[in-house]
Structure formats: C-alpha cells, structure tokens
Amino acid sequence: MIPTVPFMFWGEYSHHLDSKGRLIVPARYRPYFREGAVLTRGIDHNLVIYPDKTWQLVSEQLNQIPITNPIARALRRLLFSGAVPLSLDRQGRMLIPGYLREYAALDGEVLVVGMESFVEIWQPQRWREALEGVSSTLAEADSLLHLSL
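Just so it is clear, the structure is predicted and the values come from calculations on it, not from any experiment.

A. Broad picture of the pattern of salt bridges. Enumeration according to the criterion identifies two salt bridges in this entry. The salt bridge involving D18 is made with R22; its shortest N-O contact spans 2.6 Å. Between D89 and R93 there is a salt bridge, with the nearest N and O atoms lying 2.7 Å from each other. Judged by its relative accessible area of 28%, D89 is partly exposed.

B. Representation of the pairing of strand 3 (residues 37-41) in the model. When you tally the buried positions in strand 3, you get five out of five residues, the bulk of the element. Pairing of strand 3 with strand 4 (residues 47-51), which is carried by five bridges, proceeds in the antiparallel orientation. Following the sheet pairing, T40 is matched in strand 4 by V48. Hairpin remark: strand 3 followed by strand 4, antiparallel, with five residues in the connecting loop; positive phi at H45, about 55 degrees. With two bridges joining them, strand 3 and strand 5 (residues 84-85) adopt antiparallel strand pairing. Residue pairing for strand 5: V38 is matched across the bridge by P85.

Definitions and cut-offs
- Residues numbered from 1 in each chain as written.
- Predicted model: local features only at pLDDT ≥ 70, side-chain atom pairs only at ≥ 80, totals over all residues.
- Heavy atoms only, no water.
- Salt bridge = Lys/Arg side-chain N within 4 Å of Asp/Glu carboxyl O.
- Buried < 20%, exposed > 50% of the residue type's maximum accessible area, 1.4 Å probe, protein only.
- Helix = DSSP H or I, 4+ residues; strand = E, 2+ residues; numbered from the N terminus.
- Pairing = 2+ DSSP bridges.

Set out below in structure tokens:
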C-alpha cells in the first residue's frame, strides 16, 4: 500500500554498493517509489532520487525559465541528461548507472540521506564536507531570521 501522507524522507542510512553497482534503498523509503521515481545528478556532485510527483514539479519549474537564461540551461543539462527511471528489484536494490556512479564518486560505502520530498545519495567524505559548510552558510543567511528557527 502506498502511504497517503506527503513524502517524508528523513535520516541518514549507510549502505554499500555491490559489485554490479546496485544499492539497497532503505526499506522505509521503498513504498514511496512504487509509483515511479527518477534518479539523476545533484548539484553538489551527489545523486538525487525524486518521486515522480516531485520530479514533475521540478521539471515544470525548470521549463518555465527561458532557455536564454544560462542558469536554467545549466540546470537542465545537469538534471535532464543524467535522469533515469528508478526501478527496484525484489530485494529493494536499485542499479546506479556507471556514469552516475562516476559523477558522484560512488564506490563502496554510500550514504542515503532523506531531504523531506526527495532523497540524496552521497559519497561519505563529500557528505561530511557538505555538512561542514552548513554552519557558515546558515550563519550568513539573513532569511533564517524570518523562519523563527
């Protein structure tokens, strides 16, 4: 049964790629991918899994930006050229194509990280480096004052 609540991808899960480049998707995430999902490149040399509904929203937003905008072109190239439909086998594994594993430097240990409405896949050292930058980025973000956090 597909959950009726909004996507709720939370937490960090450590897994390993097998010799064929397959990754076990955390069991609590699998029901959200039964109706389809897309795996693609992320902005930070990571990978991203978008459930179909979220992918549709991302695609619509990108397609509303004129292609004359260099940022829109760059994002289209990054996301759309790397996109593949996600399918899980009976053991809950997904195959990550070689070009995506290379882009994200995935080999051996992999972190699967929930981001509420999508999932990120990281090489562990890159994840640690990204987290190290979070504090300084947030310290400079005046917009957080309006969030009451």
